[in-house]
Amino acid sequence: MKNENNVIAKLEAMLFASGEPVEAVRLAEVLELDVENVTKMLGALADNYDERNSGLRLIRIDGKYQFCTREEYADDVRRLLEIKKNTPLSQAAFEVLAIVAYNKTVTKSFIEQIRGVDCSGSIANLVQKGLIEEKGRLDLPGRPLVYGTTDRFLRCFSLNSLDDLPDLPKTEDVEQLAKDNGQTTLFDENDMNNGASELAGEEAGEEL
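Here's a quick rundown of the structure. (Residues numbered from 1 in each chain as written. Predicted model: local features only at pLDDT ≥ 70, side-chain atom pairs only at ≥ 80, totals over all residues. Heavy atoms only, no water.)

Section: helix H7 (residues 120-128)
Turning to step 1, where the next piece is worked out: For H7, every residue scored as buried is listed here: Ser-122, Ile-123, Asn-125 and Leu-126. Buried residues in H7, looked at end-on, bunch into an arc of 160°, giving them a common side.
Turning to step 2, where the next piece is worked out: Looking one or two places after H7, you find Gly-130, whose phi comes out positive at around 80°. (Buried < 20%, exposed > 50% of the residue type's maximum accessible area, 1.4 Å probe, protein only. Helix = DSSP H or I, 4+ residues; strand = E, 2+ residues; numbered from the N terminus. Arc of directions from axis to C-beta.)

Looking at the sheet that holds strand S4 (residues 105-107)
Turning to step 1, where the next piece is worked out: What the three strands build is an open sheet, ordered S4-S6-S5; its pairing is antiparallel. Lying at the two open borders of the sheet, with one neighbouring strand each, are S4 and strand S5 (132-137). For this sheet the average axis-to-axis angle between neighbouring strands, irrespective of direction, equals 40°.
Turning to step 2, where the next piece is worked out: Across three bridges, the pairing between S4 and strand S6 (residues 145-149) is antiparallel. The residue of S6 that forms the bridge with Thr-107 is Val-146.
Turning to step 3, where the next piece is worked out: Contacts from helix H6 (residues 108-115) reach S4 and S6 within the one sheet, and its direction differs from that of S4 by about 80°. (Pairing = 2+ DSSP bridges. Axes fitted to C-alpha atoms, helices over the stretch in contact; angles between N-to-C directions. Contact = heavy atoms within 4.5 Å.)

Okay, here's the thing in structure tokens:
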């Protein structure tokens, strides 16, 4: 029982950190367990949240598992998100936005490779503000999500298209890294900061 509780705790942590639906088979691979046992423990975890009448639920959608808030708390959650939506962008968010804008479409792992830190919060914030959005998934193991900028991003920064972004210098090493990651454009840390500054300086139109 102690070992099972430990595995359930691991599942809880993994799903919370993921922030998006995860297939049971992927969770089983990480934990090196069979899918049947993992599915059973996910059911136990979901029941535990229901029994405690927690503000969270563990739901299954199309064979994937994800945490979500309970419907009865939707109004409170929505009000909080509206407050967050109207807060100014942080420097970290501007840097993530610059990476997405200059590379056209990127994955979360690609962004984090450039910045060297977890970017889940900044990405979620930018998605919520309508500045970036999911553009699909790569045909790679794990089917990672791809993010790109939105029309609202163009309006906010008074751009007709991403081609209107100021040019950024490139280096041989940066270009090679871009090729290795299947990207067409990339910039190093200094370029990224310059790009973020350019974006911040050009902030106009709709309030971020």
